[in-house]
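# Structural characterization, general
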Amino acid sequence: MRTHVVCAALILAFTSGCYAFRPSNGGGQTKIPASRAVDPNDVALPAGYRIEPVAQGLTFPTGAAFDEAGKIYVVESGYAYGEVFTTPRLVRIESNGSVTPIATGKNNGPWTGLAFHDGNFFVAEGGVNEGGRILRISKTGDVRALVDGLPSFGDHHTDGPAISPDGWIYFGQGTASNSGVVGEDNAKFGWLKRHPDFHDIPGQDITLVGQTFSSRKSKNKTGAFAAFGTPGQTTVPGAVKCSGGILRVRPDGSDLQLVAWGFRNPFGLAFSPDGQLYVTDNGYDERGSRPIWGAPDLLWRVQTGLWYGWPDYSGNEPVNNGRFTAPFSRRPQFILAHHPNDPPAPVTKFPVHSSADGIDFSRNDRFGHVGDAFVALFGDEAKAVGKILNPSGFRVVRVNVSNGLIDDFAVNKKDNGPASKLKKAGLERPVAVRFNPAGDALYVVDFGILAHTDKAHPQQGTGVLWKITHE
Amino acid sequence: MENHSRIKRILPLAIFLLVGCHTARRGEPITGPLHLSPPGERGRLVFQQRCYQCHPNGEAGLGPALNNKPAPKRLMKTQVRLGLGAMPRFDHLAIPQNDLDDLMAYIMELRKADKKPKL
């Protein structure tokens, strides 16, 4: 009898340490602080590197770029999860940390990224109200749309852009839904009320297996690549302006082309020193009508014409292989009846829910690690994306793209998680990285505080621009 | 009496295995660069491909931390092969035996990395 008690105690001890029985402890699951303190001494870097804040008090900054004179500019997105709308802006950061506004946008954020090329800025306008756009902004603040009508009303938006060595503007377009099916989770995001008929659009004609999915709030089931509450079609036509694609356009707005598709949220784009396009891709969440558990964020080496697996693969692993089934849940099944190709293997896998976002490559020995990619991990948004045992992300990492090995580069000293949760003053949510033209300094755009209780709570005026140099 | 002493021996071990000891944090900014043996270097590649996404640097993320748990190699190998709870299993196709041995080498070396943070 006592042996049984001992065994039961052991089983209890082990299971209570296990995932299913422990509560979620995400980085945003914290009390919302009144303000943000900033102290570079709370950030840890490898020996020989130092970090300093360059600008503070930014509101939802998401990208940075340098002009031909080496001055740095930042975009403030104008929208944050939690349905908070502000004004999208392009600002110049002055040497004393003050900001000079250059251009403002319409109520169509988020502005998710920034690039500079041949005298003009290029901005990815996320488009939650009017659809996604690629904007060209002159140095005097004239704003023109090069591309519009991108399917950007949903969970994920128009992203990038990045300039290729031959002068094309590459950008990403995220998906409407988590895994191909519009559901109640999308109502929580807020967009389903604004655009009740919106759904994912494939990059080529596809045939579905025809499965439909239930939800509590609709009598009708919802099919994949279909509007909420409708069964959809078995055959779905593709489009260039698709969900989950990488596209490119000439700087004058002509010749829009689909480069590849099958991504989920291709947020960060960058060309390596040898001219290869790399993309960070946020992995599936455990939510909605077709939850996918345990899916990492990915780094891809992009090849033209390929399909990269969404909504049926995570990397090159099929979602029905058992590894992506949440505890006590059904195994997800394929949505597509036929797959365009076997997805390639990703370059590497980032931690689940870490939100791998902005990316840039080191090009100068003065900074070090030439050829390695530096990636901003924005950090988890648990529990909205699913449960997590410990904060994931909230750092800048370095990736050896030849073997996929990831090393931490800038992390908070005290523990894992954002500074607000740690009650410290270091990194909050790195979202973008950009080397200066000389290549000897890495600038990190820090979005600021985004807490998650019952919903997202972004805090205006808490964004920071950091600068990392090698001593 | 015998069961009493058995309980006294096993329960603390269970709690110890569950709670662990030392900080789980690793990574160059915290503990300095990690110097690995050749099997450890090979094992790190396996870890990156198969384990890092849930146990980044051996720390907790989606899954629990590994660095601060004194679980012996045999137990860890069994858990890799069979899975446990939410953790999927990895058979010989997913992680061949030689790779599993290298993976254990890496995890043990990671665990023994400088336990005094350099901060």
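Described below are features of the structure shown in this document. (Residues numbered from 1 in each chain as written. Chains lettered and ligands numbered in written order. Predicted model: local features only at pLDDT ≥ 70, side-chain atom pairs only at ≥ 80, totals over all residues. Heavy atoms only, no water.)

## Examining the overall build of chain A
The secondary structure content of chain A amounts to four helices and 35 strands. Each principal axis of the C-alpha atoms in chain A carries an extent, and together these give about 70 × 60 × 40 Å. Across the 471 residues that make up chain A, the buried fraction comes to 62%. Here the contacts in chain A between residues at least 6 apart in sequence split such that 60% fall between residues at least 24 apart. A total accessible area of about 17,100 Å² is found for chain A, and carbon and sulfur atoms account for 48% of it. The averaged location of the 45 negative side-chain charges in chain A is 7 Å from the averaged location of its 46 positive side-chain charges. (Helix = DSSP H or I, 4+ residues; strand = E, 2+ residues; numbered from the N terminus. Buried < 20%, exposed > 50% of the residue type's maximum accessible area, 1.4 Å probe, protein only. Contact = heavy atoms within 4.5 Å. Areas by Shrake-Rupley, 256 points an atom, 1.4 Å probe, with all protein chains shown as cover. Lys, Arg positive; Asp, Glu negative; His and termini not counted. Charge placed at Lys NZ, Arg CZ, Asp CG, Glu CD.)

## Considering the overall build of chain B
Within chain B, the secondary structure is distributed over five helices and zero strands. Along the chain direction, N to C, the helices and strands of chain B fall in the order α-α-α-α-α. Per-residue burial over chain B gives 45% buried out of 119 residues. Residue pairs in contact within chain B that sit at least 24 positions apart in sequence constitute 68% of those at least 6 positions apart. As displayed, chain B offers around 6,300 Å² of accessible surface, 62% of which is attributable to carbon and sulfur atoms.

## Concerning the sheet that holds strand β14 (residues 169-173) of chain A
Residue and element names in this part refer to chain A. Pairing is antiparallel across the open sheet formed by four strands, whose spatial order is β13-β14-β19-β20. For this open sheet the edge positions go to β13 (158-163) and β20 (257-261), each flanked by a neighbour on one side alone. Strand after strand, the sheet turns through a mean of 25° between neighbouring axes, direction not considered. (Pairing = 2+ DSSP bridges. Axes fitted to C-alpha atoms, helices over the stretch in contact; angles between N-to-C directions.)

## Some details on the nonpolar core
The biggest cluster of nonpolar side chains holds 32 residues, and the ones touching the most others in it are A:Phe350, A:Val399 and B:Leu103. Within the residue set of this core, elements represented by two or more residues are β27 (356-361), β28 (373-377) and β29 (395-399) of chain A together with α3 (38-50), α4 (73-82) and α5 (97-111) of chain B. Residue contacts for A:Val399: discarding those within four places in its chain leaves A:Leu299, A:Thr348, A:Phe350, A:Asp372, A:Ala373, A:Val375, A:Gly404, A:Leu405 and A:Ile406. Counting residues in hydrophobic clusters, the runner-up holds 21 residues, among them A:Phe66, A:Val445, A:Phe447 and A:Leu450. (Core = buried A, V, L, I, M, F, W, Y, C linked by side-chain atoms within 4.5 Å.)

## A look at the state of the cysteines
Simply put, disulfide is the name for a covalent bond between the sulfur atoms of two cysteines. Residue and element names in this part refer to chain B. This structure, assessed with the given rule, holds zero disulfides over all chains. Free of any disulfide, Cys51 has its nearest neighbouring cysteine sulfur in Cys54, separated by 8.8 Å. The class of Cys51 is buried, set by a relative accessible area of 14%. (Disulfide = S-S within 2.5 Å.)

## Points about the packing of aromatic side chains
Residue and element names in this part refer to chain A. Inspection of every chain in the model, using the stated rule, returns 26 aromatic pairs over all chains. On the numbers, 4.9 Å between centres and 55° between planes, the contact of Tyr79 with Phe85 is tilted. Note on Tyr79: relative accessible area 5%, which makes it buried. Three or more aromatic residues joined by ring pairs form one cluster here, namely Tyr49, Phe367, Phe374, Phe409 and Phe435. (Phe/Tyr/Trp six-rings, centres within 6.5 Å; stacked < 30°, edge-to-face > 60°.)

## Points about unusual backbone geometry
All names here are of chain A. With an omega of -15°, the peptide bond between Gly160 and Pro161 qualifies as cis. Within the secondary structure, Pro161 sits in strand β13. Cis geometry is found at the peptide bond from Ala382 to Lys383, where omega equals 10°. The residue Lys383 is located in the loop between β28 and β29 in this model. Even without a glycine there, the phi angle at Phe60 is positive, about 55°. Secondary-structure assignment places Phe60 in the loop between β2 (49-58) and β3 (61-66). At Asp118, a residue that is not glycine, the phi angle is positive and equals roughly 55°. By the secondary structure assignment, Asp118 is in the loop between β9 (111-117) and β10 (120-125). Taking relative accessible area as the criterion, Asp118 reaches 70% and is therefore assigned exposed.

## A few points about the side chain of A:Glu317
Among the structural elements, A:Glu317 can be located in strand β25 (residues 317-318). The buried category is assigned to A:Glu317, whose relative accessible area is 12%. Here the side chain of A:Glu317 touches A:Arg323 through a polar contact of 2.6 Å, side chain to side chain. Once you skip the residues sitting within four places of it in the chain, A:Glu317 turns out to touch A:Asp312, A:Arg323, A:Phe324, A:Lys349 and B:Arg50. (Polar contact = N/O pair within 3.5 Å; in protein donor to acceptor, adjacent residues only side chain to side chain.)

## Observations regarding the pattern of salt bridges
Residues and elements named next belong to chain A. This model, assessed by the stated rule, comprises 27 salt bridges over all chains. Between Asp285 and Arg287 there is a salt bridge; the shortest N-O distance is 2.9 Å. Under the relative-accessibility criterion, Asp285 is labelled buried at 7%. Overlapping salt bridges bring together Asp155, Asp185, Arg264, Asp285 and Arg287 as one network. (Salt bridge = Lys/Arg side-chain N within 4 Å of Asp/Glu carboxyl O.)

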